[in-house]
Amino acid sequence: MTTAIETTRLGRRYGRRWALQECSLSLPAGHVIGLVGPNGAGKTTLLHLAVGLLAPSTGELSVLGAPPRAPGTRTKVAFVAQDKPLYPRFTVADTLRMGGWLNPGFDQARASAHLTGLGIPLHQRVGRLSGGEHAQVALALALGKRPELLLLDEPVANLDPLARREFMQVLMEEVAETGMSVVLSSHLIEDLQRACDYLVLMSRSRVQLSATTDDLLAVHQILTGPRSHAEAITSTHTVVQASYTDRQANLLIHASRPVIDPAFTVRPATLEELVLAYMSQPHTGTAPTLRPVGSATEA
Amino acid sequence: MIALTWRQHRAQLLTAAALLAVLSGYVLFMGHQMTSYMASIGLNACLSSHGNCNVLARAFLDRFGSTPHVFSLLDLVPLLAGLFWGAPLIARETERGTHRLAWTQSVSRRRWLTVKLAAFTGAAILAAAIVSMLLAWWLRPFNQLIAVGAGGNVNRMSPGVFDLSGTVPAAGALFAFALGTAAGALIRRTVPAMAVTLGGYLALWLPLESQRYHFITPLTAHGPFGSTLPVPPSAYVIANSYTTASGHPIDFSVMAKACQTSHGNQTSVRLSCLAAKGFQFSTTYQPDSRFWSIQGMETGIFVAATVVLLGIAAWWAARRIN
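Residues numbered from 1 in each chain as written. Chains lettered and ligands numbered in written order. Predicted model: local features only at pLDDT ≥ 70, side-chain atom pairs only at ≥ 80, totals over all residues. Heavy atoms only, no water.

For the rest of this paragraph, the subject is the environment of Met 297 of chain B. Residue and element names in this part refer to chain B. Among the structural elements, Met 297 can be located in helix 12 (residues 291-319). When the C-alpha atoms of Met 297 and Ala 275 are compared, they prove to be 40 Å apart, with 22 residues separating the residues in sequence. Here Met 297 is in contact with Phe 215 and Ile 216, once residues within four sequence places are set aside. (Helix = DSSP H or I, 4+ residues; strand = E, 2+ residues; numbered from the N terminus. Contact = heavy atoms within 4.5 Å.)

This brings us to the packing of helix 1 (residues 2-40) of chain B against helix 5 (residues 77-96) of chain B. Residues and elements named next belong to chain B. Packing of helix 1 against helix 5 brings their axes to within 12 Å, and their N-to-C directions diverge by 165 degrees. The orientation of helix 1 relative to helix 5 falls into the category roughly antiparallel. As helix 1 packs across helix 5, the resulting crossing turns out to be right-handed. Here Gln 8, His 9, Gln 12, Leu 13 and Ala 16 of helix 1 come into contact with helix 5, specifically with Phe 84, Trp 85, Pro 88, Leu 89 and Glu 93. A class-by-class count of the residues in the contact of helix 1 with helix 5 yields six nonpolar, three polar and one charged. (Axes fitted to C-alpha atoms, helices over the stretch in contact; angles between N-to-C directions. Parallel < 35°, antiparallel > 145°, perpendicular 65-115°, else oblique. Left-handed = near helix turned anticlockwise from the far one by under 90°. Nonpolar A, V, L, I, M, F, W, Y, C, P; charged D, E, K, R; others polar.)

The next subject is the sheet that holds strand 1 (residues 3-14) of chain A. Residue and element names in this part refer to chain A. Read across the sheet, three strands follow the order 2-1-4 without closing on themselves; strand pairing throughout is antiparallel. For this open sheet the edge positions go to strand 2 (17-28) and strand 4 (58-63), each flanked by a neighbour on one side alone. Across this sheet, the average inter-strand angle for adjacent strands is 20 degrees, counted without regard to direction. Taken strand by strand, helix 1 (residues 43-50) contacts strand 1, strand 2 and strand 4, and its axis lies near 115 degrees from that of strand 1. (Pairing = 2+ DSSP bridges.)

Looking now at unusual backbone geometry. Within the chain, Arg 9 of chain A stands out as a residue other than glycine whose phi angle is a positive 45 degrees. Structurally, Arg 9 of chain A is set in strand 1. If you check the backbone angles, His 50 of chain B has positive phi at about 55 degrees while not being a glycine. Considering the arrangement of structural elements, one finds His 50 of chain B in the loop between helix 2 (43-48) and helix 3 (54-64).

What follows concerns the nonpolar core. Grouped together as the largest cluster of nonpolar side chains are 133 residues, with contacts concentrated most on Leu 150 and Leu 151 of chain A. If one sorts the elements of this core by residue count, helix 8 (residues 168-187) of chain B sits on top with 11 residues. One finds Met 30, Leu 43, Leu 145 and Ala 150 of chain B within the second-largest nonpolar core, a separate group that totals 27 residues. (Core = buried A, V, L, I, M, F, W, Y, C linked by side-chain atoms within 4.5 Å. Buried < 20%, exposed > 50% of the residue type's maximum accessible area, 1.4 Å probe, protein only.)

It is worth spelling out the interface of chain B and chain A at this point. With 23 residues of chain B at the interface, the matching set in chain A holds 28 residues. A combined buried area of about 2,300 Å² lies between chain B and chain A, and 59% of that area is made up of carbon and sulfur atoms. Summed over the shared surface of chain B and chain A, the number is one salt bridge. A salt bridge links Asp 94 of chain A to Arg 7 of chain B; the shortest N-O distance between them is 2.8 Å. Taken together, the links from chain B to chain A amount to 14 residue pairs in polar contact (both at pLDDT 80 or more). Breaking the side of chain B that touches chain A down by element, the ones donating at least two residues are helix 1, helix 5 and helix 6 (99-102) of chain B. Tallied by class, the residues present in the side of chain B that touches chain A amount to nine nonpolar, nine polar and five charged. (Buried area = accessible area lost by both parts, 1.4 Å probe. Salt bridge = Lys/Arg side-chain N within 4 Å of Asp/Glu carboxyl O. Polar contact = N/O pair within 3.5 Å; in protein donor to acceptor, adjacent residues only side chain to side chain.)

Residues and elements named next belong to chain A. Overall, mixed pairing links the six strands, which are arranged 5-6-7-3-8-9 in an open sheet. The outermost strands of the open sheet, each flanked by one partner alone, are strand 5 (77-80) and strand 9 (206-212). Neighbour to neighbour, the strand axes of the sheet diverge by 15 degrees on average, direction disregarded. Summarising the sheet, strand 3 (residues 32-36) and strand 8 (residues 198-203) pair through four bridges and their orientation is parallel. Following the sheet pairing, Val 36 is matched in strand 8 by Leu 201. Sitting on the sheet, helix 6 (residues 161-178) touches strand 3, strand 6 (149-152) and strand 7 (181-186), and the angle it makes with strand 7 is about 155 degrees.

See the structure below:
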């Protein structure tokens, strides 16, 4: 399996503050990868490093097997930055033309047809488009490049629910058609959980978790049962998050072994619960709990 | 990339072209007025027959002698390249975040910057060359009169005219552009970058303005009071001064007291008396023959500053902006 992005102890510092540190990741190609974490977690820094806007302070990274700034990489990777910057005085047609000027093999005709299909007039100035239309133009510009890897920084933030759905729909149709790899960041898991089949969780400038969503859901369980029995579980399982009332214990565990205590009810954790649990954990380094699981399922 | 540069900056470039067209129109119109007036009063005929044309020249200069000062109003025109081309070049991108769009396409950041810098550098040189050619053309009748000693004192050596003659306006425009670009890259906001460009430009331009006639030690001519000094009329006179017979500088008012006579409440100074007492008159000047030497030095200073500033801007844009 080829990798979309591979990093080794990657770090980026601004003065004395680390925006990203000790980031070792191997993101497989052919996935829609969600990059989730609170604001300031280092998501944007990681994406900027991956598209070559930033140079690393420490460590290494390769994108599609090559350095991000290599000419070959630039043509294969498309990026939609936060707030989807476009030139407001350009018309939509100018914007697509720009895609052609700056990228060999840019599919201008298809991008034009696609936007026309969405009812976006090509002669309109970008500055006068609605938020949803603006987002579609930014996406069309990125997709026109026919990228192997598309990176999007908070693509659906600031979009109303309808525009959000339309944006994700266009994106997922393109993924289904081309099989390209996608990395999209958000501070809200709800934005991503339907689209992503791979999750990278970041907080406080570090990667907390990195695995396919299937693996994550398979190995995490929520147990609810009497508090007096909790000790037996916490001593034999990895507890990601525990909350207690006077009598009851709520445990989110990494279930490497089955739980046999009948006093507990067991149900699978949702992605949202998982994300919240890992995010509220004190930092754990680079996802130590998930590593063995990932390799076990692939073996 | 060239297509994008044109699409993105055509408004700025066309505005400059329109301003140049207005200036050219004015210069051509006034030039036509001058030449037809010279023909109508017979000044042309007089000049070509090598006669004494002083009276006709006076008439011409009374009418048109102050017009070259239009150009001294334009001395700071090269600064516009810094304010409106340089300062927004990178700052407007970073203000809107569009550099993240432009710099993540297949075209590299280095090429993006190279093409833009080349386009504006070329435009600045072209525009400045047109201005200096217009000015040189405008000055031709004045140069003719000066050459035959028929009067007039405004030529390419004059302050205000020198700035827009020869290679200095192009070099000044490049410096302003480079300064604006560097300020925009470092500050990342257009309006503060424009302010810094204005201040920085004046910080170099004002000293040049006051010091350029001293880049090369000026010549001095002196002789007894009342004599005609061998100062060519095309030279720029920096200062006139007076000395005593023994060579000490003396202020005119002090010197005049020695030869004052009073008739009732009228005071007059007899010039023959000043000459007789041995007072000397001296003139410090730069001859027109040094025009290109001084131009070369000033151009060199601007170009050196341009190279340094563009280097800083390019380095900063490549390394420090994300």
